[in-house]
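# An overview of the molecular structure
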Amino acid sequence: MKEITDILESYRTALLEGKKTALATVVKVEGSSYRQPGARMLVTEDGILTGAISGGCLEGDALRKALLAIHQKQNKLVTYDTSEEGLLEFNVQLGCNGIVNILFEFIDSQDPQNPLEIIRKVLEKRCDSVITTIFSLKRNAVQIGTVNVFQGDKSCYNDIHSLESEMLNILEKKSTHIKNFEINSEEQNVLFQYIAPPVSLLIAGAGNDVQPVVKMADLLGWEVTVGEGRAAHCTSKRFPLAKNIVVGKPDDLIQIEIDHRTYCILMTHNYKYDLEVLKLVLKTDCPYIGILGPKTKLHRMFDDLKLDGFILTDKDYQRIYGPIGLDIGAETSEEIALSVISEIKAVVEDRKGTSLRHKTEKIHS
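All of the points below concern the structure found in this document. (Residues numbered from 1 in each chain as written. Predicted model: local features only at pLDDT ≥ 70, side-chain atom pairs only at ≥ 80, totals over all residues. Heavy atoms only, no water.)

### Some points on the sheet that holds strand β16 (residues 320-321)
Read across the open sheet, the 6 strands follow the order β13-β12-β11-β14-β15-β16; overall the sheet is parallel. Strands at the two margins of the open sheet, each flanked by one partner only, are β13 (244-247) and β16. Pairing of strand β14 (residues 262-266) with strand β15 (residues 288-291) involves 4 bridges; the strand directions are parallel. Note on β15: the bridge partner recorded for C264 is I289. Its contacts with the sheet place helix α8 (residues 271-281) against β11 (200-204), β12 (223-228), β14, β15 and β16, and it is angled at close to 160° to β14. (Pairing = 2+ DSSP bridges. Helix = DSSP H or I, 4+ residues; strand = E, 2+ residues; numbered from the N terminus. Contact = heavy atoms within 4.5 Å. Axes fitted to C-alpha atoms, helices over the stretch in contact; angles between N-to-C directions.)

Below you can see the structure in the form of C-alpha cells.
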C-alpha cells in the first residue's frame, strides 16, 4: 500500500507539472526475483522513478521501455530472462535466476479510467481490495492492462463477469494469484493482486520513546494514532507524522476504528492508564497488543484483569506480546522502536521473525 500511495502522489505531481507518465508492473515471475507480482514503478517522461520493480538491476532498461510506451502511447509487455542467455539480450547484471514479466502501461491523463485512476480506488475505503490486470505472453499481442478494482462484492470499474468469482475467491484467500482466462475470444493471463488496508498502529503513549516508533511506522506507510492524557506531550508538533492525535482518557483513545489490521502498543509508562487501555482493546478484534515493560508488569496486569472479572482466552494470550519486541539486543529508544516495529511486521505477515539464513524454502511462497 505504501508503494501505491507514493506512486499516486508522484502521479498527482506529474499532472500538475504537465508531465507524461507510464506505469511498470511486475505481472508474472518464474523462478527467483527481487520483487513479486504486483510491484509497481511510475516513470515520468523526464526519467523520474517512483516505486521499484527490482532491486535496481532492471530499472535502467525499464526506464527506456517506459519512455517508449509513453512515446508510442501503447501498452507493452517485456520479459526479462535472468539466465545467462537473457543477460546478453538486455545487458543487465542480474543475480536472481528467474524470468520477470513487466507490463508497461501508458497513462492517458485525459482518461478517467486510466490505470492509476483505477488503482486510486483502493485508497477510498478501508477494506480489502483486488486489483485486476490483464496481460498476454504472446508476442505482439495487444496488452489490455489494469482494468478493475474489486472491493467487497462490487467492481469499481470494468465489470468482466467471467472474472467476478475469482476476485471473490482472492478476497477470501487474501492472496495474490495469476490465472488464465479467455477474454474476447483470446487467451489472457490475469493478475489478481490482493491489497489489504494499510496497517493502523494505535499507540498509547506520547513520550520521547514513542517518536522513533512513529517515524519508522510512517516509513512503512502505516497509519499511526498517538494518544494519552498529557496534553503537553501529545501534540502534533511532537508527532507530525501521526495521522491522529488523541488527548484524553483510554475511552477516548479507542474511538478510532479498530479492525483486523489494527495493532496496538501500550507504552505510556503509566500502569493504570495502560491497564485501562488493555481492558478496552481486549474487547476488540485487534490481533496484536504489545506491552512495554518487564515480564513482572505483564503478570501483574494479568492478575489485575482477573480481579476485575476479565477471563482471558487462549486467543487473548496469543495476541498479547510482553515484553514487547524482537530479541535483537535493543537498548536505545531507536533500537527498541526497530525491535517493536519488526515484531509487528512479523505478526502482520504471520512470520516468526527469525533470520532468513535458517529458511530452507523460498523466501516468497
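Past the structure itself, the notes keep going.
### Here we look at the side chain of S136
Inspection of the secondary structure assignment puts S136 in the loop between β6 (129-135) and β7 (145-151). What makes S136 buried here is its relative accessible area of 3%. A distance of 3.2 Å separates a polar atom in the side chain of S136 from the backbone nitrogen of K138. When sequence neighbours within four positions are dropped, the list of residues in contact with S136 reads L77, A141, Q143, E187, Q188 and N189. (Buried < 20%, exposed > 50% of the residue type's maximum accessible area, 1.4 Å probe, protein only. Polar contact = N/O pair within 3.5 Å; in protein donor to acceptor, adjacent residues only side chain to side chain.)

### Re the pairing of strand β2 (residues 40-44)
For β2, a buried count of 5 out of 5 residues is recorded, marking the element as mostly surrounded by other parts of the structure. Side-chain alternation along β2 places R40, L42 and T44 on one buried face and M41 and V43 on a second face that is also buried. Where β2 and strand β3 (residues 49-51) come together, 3 bridges link them in antiparallel fashion. By the bridge assignment, M41 is partnered in β3 with G51. A loop of 4 residues connects β2 with β3, the two strands running antiparallel in sequence, and G47 in this loop sits at a positive phi of about 85°.

### Regarding the sheet that holds β2
Spatial strand order, β3-β2-β1-β5-β4: 5 strands in an open sheet with antiparallel pairing. Pairing within the sheet leaves two strands with one partner each, and these edge strands are β3 and β4 (76-81). Mean inter-strand twist for the sheet, computed between neighbouring axes without regard to direction, equals 25°. Packing of helix α1 (residues 2-16) onto the sheet brings it into contact with β1 (21-31), β2, β3 and β5 (98-107), and relative to β2 it is tilted by some 15°. Where helix α2 (residues 59-72) meets the sheet, it contacts β1, β2, β3, β4 and β5, and its direction lies at approximately 60° from that of β2.

### Side note on α2
Between its first and last C-alpha atoms α2 spans 20 Å; for 14 residues at 1.5 Å apiece the expected length is 20 Å, and the two agree. The complete set of buried residues in α2 reads E59, D61, A62, A66, A69 and I70. At the exit of α2 stands K73, carrying a positive phi of roughly 55°. (Expected span 1.5 Å × (residues − 1).)

### Section: the pattern of salt bridges
Tallied over the full model, the rule gives 20 salt bridges. Between D259 and R126 there is a salt bridge, with its nearest N and O atoms 2.8 Å apart. Of this pair, D259 sits in the loop between α7 (250-253) and β14 while R126 sits in the loop between α4 (115-119) and β6, and the two are 133 residues apart along the sequence. According to the relative accessible area criterion, R126 is partly exposed, its value standing at 26%. Linked through salt bridges whose partners overlap, the residues forming this network are R126, E223, K243 and D259. (Salt bridge = Lys/Arg side-chain N within 4 Å of Asp/Glu carboxyl O.)

### A word on the packing of aromatic side chains
Per the counting criterion, the structure on display carries 4 aromatic pairs. Judged by centre distance (5.9 Å) and plane angle (70°), the rings of F181 and F192 are edge-to-face. Of this pair, F181 sits in strand β9 (residues 177-183) while F192 sits in strand β10 (residues 186-195); the two residues are 11 residues apart in sequence, bridging distant segments of the chain. Across the pair, F192 and F181 agree in class, each one buried. Judged by centre distance (4.7 Å) and plane angle (25°), the rings of Y288 and Y321 are stacked. (Phe/Tyr/Trp six-rings, centres within 6.5 Å; stacked < 30°, edge-to-face > 60°.)

### Considering α8
Along α8, 9 of the 11 residues are buried, which leaves the element largely enclosed by surrounding structure. Taken residue by residue, α8 has Y271, Y273, D274, L275, V277, L278, K279, L280 and V281 as its buried positions. Put simply, N270 is the residue that caps the front of α8, since its side-chain oxygen is 3.2 Å from the backbone nitrogen of K272.

### With respect to unusual backbone geometry
With an omega of -5°, the peptide bond between G322 and P323 qualifies as cis. Here P323 is to be found in the loop between β16 and α11 (333-348). A positive phi angle is found at N140, which is not glycine, with a value near 65°. Looking at where N140 falls in the secondary structure, it is placed in the loop between β6 and β7. In this structure, D350 takes a positive phi of about 55° despite not being glycine. Examined against the element boundaries, D350 turns out to sit in the segment after α11. Look at D350 and you get exposed, because its relative accessible area is 69%.

### Describing the packing of α8 against helix α9 (residues 295-307)
Remark: α8 packs on α9, axes separated minimally by 11 Å, with the N-to-C direction vectors making an angle of 60°. One finds that α8 runs oblique with respect to α9. Viewed along their axes, α8 and α9 form a crossing whose handedness is right-handed. From α8, Y271, D274, L275, L278 and K279 reach across to α9, where they touch K297, R300, M301, D304 and L305. A class-by-class count of the residues in the contact of α8 with α9 yields 5 nonpolar, no polar and 5 charged. (Parallel < 35°, antiparallel > 145°, perpendicular 65-115°, else oblique. Left-handed = near helix turned anticlockwise from the far one by under 90°. Nonpolar A, V, L, I, M, F, W, Y, C, P; charged D, E, K, R; others polar.)

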